[in-house]
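Coordinates in review
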Amino acid sequence: MKYRHTRLNEDGSLQELADAQEFAQNNHPDARPNEDGSQQNAIASSSELESMVVSVAQSREIGHALELHAARSKRPDYRPDVDGLRAIAVVAVIIFHMDHRWLPGGFVGVDVFFVISGYVVSHTLIPQCLTRSTSVASLLLAFYARRCKRLAPALVAMVLVMSAAVSWAVPPEMDQLDKNYITAQFVLIGWANNHFASTFSSYWDEGMSSLEYNFFTHTWSLGVEEQFYFLFPALCVLAHREYHKLGFVLLLINTALLSLIISATLTAWNQRLAYYLLPSRFWQLMAGAIIYQTRTVRIAAEGSTSVSMRCLRCALLAIAQLLLCACFVVAFAFTPNDVGFPVPYSFAAIGGAMGFIVLGAAPGPPPLLTRLVGCAPMAYVGRLSYPLYLWHWPVFVFFKWITDFEPTGVRVAALFATIILSLATYHALELNVQQWRPQRRSTVFLSAGLAVAATEMWLGALRGPLYGSLYPQPASFLESFQPPPITTVLRPPLMPSPTSALLPVHLPSPLPPSPSPPPPSP
């Protein structure tokens, strides 16, 4: 017998919590395998089953319980090679920021991140849009709730910690202190890239008054992604109402081509705007959304089992892996940053990222490159990529402000501090927030809004009444470690005691008289 439960959603529509009995049976702690390998439940009575079904149905929606169960087990759609690609991208960016001479094109790791973000977001939104399995309001609310839980906690924590570090490291008489505060305020609302574009500050400027010494320069890419998260769902909603699958793919391709034309135009006219602005970067994110559609190629090719087809597959995969390695070597080692970026010199990084994701979806056993990049250590570093990216740049800039960043020991110490902060952020903050399942999605938005508002108020106080108050004054700081001055105390002469008169007195021998001058000659 199947139990079906319904309840009223927040938007007024009726939602079914279907097959709760099957979920309860498959996840019961006393379940044991039958001889044929299937699951059998050891529930003693139908009343116990009834109570389990009701308890599952009373949750906000059965999808939350299913998501929690999937998080505790290995998800069938999880791709560790994509996490490994994240690891390659973030390591390249960190090496470039430690010393750009070590990996001259490491900055294109951000472009790889854009492709991955487009792919992951498409994996979340496109299937539900094309199948019309849920309402538009529910789809968007669920998407933005996940984005808030994913991005906001670590970002707010980084801004709070590093705003205090800015106040301690940057002298208040320098303009950079207030510039850092202003940048942090734009970071929290996803506007850092537009702020940098409007201040005529190039990413490649050097010196203490440039973005090289700004604690939040790296957050321009977060601004691009957050703005993409507002535009791309609008395309998905359009597909939800008007387009079938092929029409939606054509819409994605045309949008990417339009952005590519804008990017090429801006690169030739003003490379600073081409670097920062979303219209010039939109095609890179759309590239990930387009290659998500290649999952259909895998299903179509799984039926080829002939020997000739298998040999052809092995040859093509070998050639593809060599080409991908060449793309990444060219992108990370030889991409210039002075001219022609992002168009055309980001093509190697974008093409490599697209090809790698498609390679991982190839039918049959995973290729060697996919297995290497998707191994457990690489996938773990990839899951740490977001906190690693958030913390590495402000930690490096902090060390630049307080000491010389050139010695190898200083750079190793900065890297170690980055790793410690990233591990703490991921395990103590991100994982706990991801497992948080509030009864209402509005709780997620309210919590994120309050955290951002409180941080904005803190930054406003640092720009106002607290400006410069956290900076240690050099004189008072050094005086606290100096010994007290030696003072001479004048005391009255001691009176002779009665017994002192009986003691012999040793008087100093008189000095010989100085010879008198000779009489003047007549």
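Basis of the calculations
- Residues numbered from 1 in each chain as written.
- Predicted model: local features only at pLDDT ≥ 70, side-chain atom pairs only at ≥ 80, totals over all residues.
- Heavy atoms only, no water.
- Core = buried A, V, L, I, M, F, W, Y, C linked by side-chain atoms within 4.5 Å.
- Buried < 20%, exposed > 50% of the residue type's maximum accessible area, 1.4 Å probe, protein only.
- Helix = DSSP H or I, 4+ residues; strand = E, 2+ residues; numbered from the N terminus.
- Contact = heavy atoms within 4.5 Å.
- Patch = residues over 30% accessible without salt bridge, like charges linked within 9 Å, V, L, I, M, F, W, Y side chains within 5 Å.
- Areas by Shrake-Rupley, 256 points an atom, 1.4 Å probe, with all protein chains shown as cover.
- Salt bridge = Lys/Arg side-chain N within 4 Å of Asp/Glu carboxyl O.
- Phe/Tyr/Trp six-rings, centres within 6.5 Å; stacked < 30°, edge-to-face > 60°.
- Lys NZ or Arg CZ within 6 Å of the ring centre and 35° of its normal.
- pLDDT = per-residue confidence, 0-100.
- Axes fitted to C-alpha atoms, helices over the stretch in contact; angles between N-to-C directions.
- Left-handed = near helix turned anticlockwise from the far one by under 90°.
- Expected span 1.5 Å × (residues − 1).
- Polar contact = N/O pair within 3.5 Å; in protein donor to acceptor, adjacent residues only side chain to side chain.

**With respect to the nonpolar core**
Of all hydrophobic cores here, the largest spans 113 residues; its most connected members are Val-159, Phe-215, Phe-216, Trp-220 and Phe-232. Broken down by element, the residue count for this core peaks at 13 residues, all from helix H6 (residues 136–169). Residues within four places of Phe-232 in sequence aside, it is in contact with Val-121, Ser-122, Leu-125, Ile-126, Leu-252, Met-286 and Ala-289.

**Considering a nonpolar patch on the surface**
Judged by side-chain polarity, Leu-246, Leu-250, Ile-253 and Leu-257 come together as a nonpolar surface patch covering roughly 360 Å² of accessible area. Along the chain, Leu-246 turns up in helix H10 (residues 245–269).

**Quick word on the packing of aromatic side chains**
Tallying each qualifying case throughout the model produces 25 aromatic pairs. Ring centres of Phe-143 and Tyr-229 lie 6.1 Å apart, and the angle between their planes is 80°; this geometry places the pair in the edge-to-face category. Of this pair, Phe-143 sits in helix H6 while Tyr-229 sits in helix H9 (residues 220–241), placing them 86 residues apart in sequence. The burial state of Phe-143 is the same as that of Tyr-229; both residues are buried. Members of the aromatic cluster, joined through ring pairs, are Phe-96, Phe-107, Phe-114, Phe-196, Tyr-203, Trp-220, Tyr-275, Tyr-276 and Phe-341. Over the ring of Tyr-229 we find Arg-147; its NZ or CZ atom is 5.3 Å from the centre of that ring.

**Considerations on the confidence of the model for the protein chain**
On average, residues of the protein chain carry a pLDDT of 80, and 72% of them reach 70 or more. Contacts of residues 1–73 to residues separated by more than four positions or lying in other chains number 90 contacts, the stretch itself having pLDDT below 50. In this model residues 296–302 is a low-confidence stretch, pLDDT under 50, and it forms seven contacts with partners more than four residues away in sequence or in other chains.

**A closer look at the packing of helix H14 (residues 307–334) against helix H15 (residues 347–360)**
As a packed pair, H14 and H15 sit with axes 8 Å apart at the nearest point and diverge in direction by 150°. Note that H14 runs across H15; the crossing there is left-handed. Each of Leu-317, Ala-320, Gln-321, Leu-324, Cys-327, Phe-328, Val-330 and Ala-331 in H14 lies in contact with H15, whose residues at this interface are Ala-348, Ala-349, Gly-351, Gly-352, Ala-353, Gly-355, Phe-356 and Leu-359.

**Here we look at unusual backbone geometry**
Cis geometry marks the peptide bond from Phe-341 to Pro-342, where omega comes out at 10°. Structurally, Pro-342 can be placed in the loop between H14 and H15.

**Focus: the side chain of Ser-346**
Tracing the backbone through its elements, the reader meets Ser-346 in the loop between H14 and H15. Beyond its immediate sequence surroundings of up to four residues, Ser-346 is in contact with Asp-111, Trp-283, Gln-284 and Phe-341.

**Thoughts on helix H7 (residues 175–188)**
Under the 1.5 Å per step criterion, the end-to-end length of H7 is 21 Å for 14 residues, consistent within 8% with the ideal 20 Å. Taken together, the buried positions of H7 are Gln-176, Leu-177, Asn-180, Tyr-181, Thr-183, Ala-184, Gln-185, Val-187 and Leu-188. Taken together, the buried residues of H7 touch H6, helix H8 (192–198), helix H18 (385–402) and helix H20 (441–463).

**Side note on the pattern of salt bridges**
Taken as a whole and assessed by the stated rule, the structure comprises 10 salt bridges. Between Arg-86 and Asp-83 there is a salt bridge, and its shortest N-O distance comes to 2.6 Å. In this pair, Arg-86 and Asp-83 are both assigned in helix H4 (residues 80–98), three residues apart and thus about one turn of the helix distant. Of the two residues examined, Arg-86 and Asp-83, each falls in the buried class. Salt bridges sharing partners connect three or more residues here, namely Asp-99, Arg-101, Glu-406 and Arg-411.

**Remarks on H14**
With 28 residues, H14 ought to run about 40 Å at 1.5 Å a step, and its terminal C-alpha atoms sit 40 Å apart, in line with that. Within the span of H14, buried status applies to Leu-317, Gln-321, Leu-324, Phe-328, Ala-331 and Phe-332.

**Some remarks on the environment of Val-121**
Within the secondary structure layout, Val-121 lies in helix H5 (residues 109–131). Placed 108 residues apart in sequence, Val-121 and Tyr-229 show a C-alpha to C-alpha distance of 8.3 Å. Ignoring any residue separated from it by four or fewer positions in sequence, one finds Val-121 in contact with Phe-143, Tyr-229 and Phe-232.

**Concerning the environment of Phe-215**
Mapped onto the elements of the fold, Phe-215 is located in the loop between H8 and H9. A sequence separation of 39 residues divides Phe-215 from Gln-176, and the C-alpha atoms of the two residues are 9.7 Å apart.

**Observations regarding the side chain of Gln-227**
Within the secondary structure, Gln-227 sits in helix H9. Residue Gln-227 is classed as buried on the basis of its relative accessible area, which comes to 14%. At 2.9 Å, the side chain of Gln-227 forms a polar contact with the backbone oxygen of Gly-190.

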